[in-house]
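Structural description and commentary
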Amino acid sequence: MREIKLKTYAGHEIAFTSDVEYDTKLILSVYGLDGSGKSRFAVTGPTKHGLVGIVPTDRKTRKTVLKTMDELGKKGRILMPKEDLVREVNPSRIGWSASSTDVEMEKKTKEHYRKHVDRVKEITWTLHAHKDVTLIGIDLFQQLYQDIKYAHYGRTEFTLKKINQKQFYKDTKEADQELIDFINSISDKHLVLTHKSRDEY
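Attention now moves to the sheet that holds strand 6 (residues 133-139). Within the open sheet, the five strands sit side by side as 3-9-6-4-5. Their pairing is parallel. Among the strands making up the open sheet, the edge pair consists of strand 3 (27-32) and strand 5 (78-79). Two strands pair when backbone bridges link them, and strand 3 and strand 9 (residues 190-196) are joined in this way by six bridges, in the parallel orientation. Within strand 9, the residue paired with Val 30 across the bridge is Thr 194.

Below, the structure written as structure tokens:
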């Protein structure tokens, strides 16, 4: 290894080295129809020298993970939270009532989804902090992104930006940036991020 120190125009020394190494980490965005093997794929990650962490945001994830663990002999090599991180679909549990105004419902919706998103992120970061976890699978990652948008904008139409007299687009830059920052925060480990697709897409 060769190391040299170079001076900036301002006279500050900066160390450089010819011994350049880069530990490549994979970020895999996996698309597929229902039952195509998206959840299973994450479980097949390398576990000989480490563990795989699974973040279940879909109701089908746990069943698939447990079945695949048995088939591949990976018991004890896969970590999942005891609770599934599936979004709440019952409006009354979010805090809606028949007498709620649209403004009240949107406020309660944002608060509910913010708590849910923060919980998913907390569990993911906990897996990331585990020294033996080498791969993290978030199934479905698509679901997490939708929930982040609900946390920012509620479940009504997102803010519309005008392009010209006939064209508009939904402005989701705050949610997009939160998602990017979250991926960056865990990207020093292998990631499998699953998404559903449909025949007509």
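That covers the picture; the talk isn't over yet.
Geometrically, the link from Asp 139 to Leu 140 is a cis peptide bond, its omega value of 5° lying close to zero. Mapped onto the secondary structure, Leu 140 falls in the loop between strand 6 and helix 5 (141-153).

On to the environment of Lys 63. In this fold, Lys 63 is placed in helix 2 (residues 61-72). Considering only alpha carbons, one finds Lys 63 and Ser 39, 24 residues apart in sequence, at a separation of 9.7 Å.

One way to put it is that helix 5 packs onto helix 6 (residues 173-186) with a least axis distance of 9 Å and a crossing angle of 135°. As the angle between them shows, helix 5 and helix 6 are arranged oblique. Crossing of helix 5 against helix 6: the hand is right-handed. Residues Phe 141, Leu 144, Tyr 145, Ile 148, Lys 149, His 152 and Tyr 153 of helix 5 touch helix 6, and the partners they reach there are Lys 173, Glu 174, Ala 175, Asp 176, Glu 178, Leu 179, Phe 182 and Ile 183. Its residues placed into classes, the contact of helix 5 with helix 6 shows nine nonpolar, one polar and five charged.

So, on to the side chain of Thr 194. Mapped onto the fold, Thr 194 is located in strand 9. At 2.5 Å, the side chain of Thr 194 and the side chain of Asp 139 are in polar contact. If we skip the residues at most four places from it in the chain, Thr 194 touches Val 30, Lys 38, Ile 138, Asp 139, Leu 140, Phe 141 and Gln 142.

Taking 1.5 Å as the rise per residue, helix 6 with 14 residues should run 20 Å; its terminal C-alpha atoms sit 20 Å apart, in good agreement. All of the buried residues in helix 6 are Ala 175, Glu 178, Leu 179, Phe 182, Ile 183 and Ile 186. Around the axis of helix 6, the buried residues are gathered within 130° of arc, so they sit on the same side. Along its buried surface, helix 6 packs onto strand 3, helix 4 (102-129), strand 6, helix 5 and strand 9.

Evaluated as defined, the whole model comprises two aromatic pairs. A ring pair is formed by Trp 125 and Phe 182, whose centres lie 5.8 Å apart and whose planes are at 65°; its orientation type is edge-to-face. On the criterion of sequence distance, the pair formed by Trp 125 in helix 4 and Phe 182 in helix 6 is long-range, its members being 57 residues apart. Given the relative accessible area of 38%, Trp 125 is considered partly exposed.

Here the focus is the pattern of salt bridges. Within the structure shown, the criterion is met by ten salt bridges. Here Glu 178 and Arg 114 are joined by a salt bridge, their closest N and O atoms 2.9 Å apart. You can see Glu 178 sitting in helix 6 and its partner Arg 114 sitting in helix 4, a full 64 residues away along the chain. Judged by its relative accessible area of 13%, Glu 178 falls in the buried class.

The rules we used
- Residues numbered from 1 in each chain as written.
- Predicted model: local features only at pLDDT ≥ 70, side-chain atom pairs only at ≥ 80, totals over all residues.
- Heavy atoms only, no water.
- Pairing = 2+ DSSP bridges.
- Helix = DSSP H or I, 4+ residues; strand = E, 2+ residues; numbered from the N terminus.
- Axes fitted to C-alpha atoms, helices over the stretch in contact; angles between N-to-C directions.
- Parallel < 35°, antiparallel > 145°, perpendicular 65-115°, else oblique.
- Left-handed = near helix turned anticlockwise from the far one by under 90°.
- Contact = heavy atoms within 4.5 Å.
- Nonpolar A, V, L, I, M, F, W, Y, C, P; charged D, E, K, R; others polar.
- Polar contact = N/O pair within 3.5 Å; in protein donor to acceptor, adjacent residues only side chain to side chain.
- Expected span 1.5 Å × (residues − 1).
- Buried < 20%, exposed > 50% of the residue type's maximum accessible area, 1.4 Å probe, protein only.
- Arc of directions from axis to C-beta.
- Phe/Tyr/Trp six-rings, centres within 6.5 Å; stacked < 30°, edge-to-face > 60°.
- Salt bridge = Lys/Arg side-chain N within 4 Å of Asp/Glu carboxyl O.

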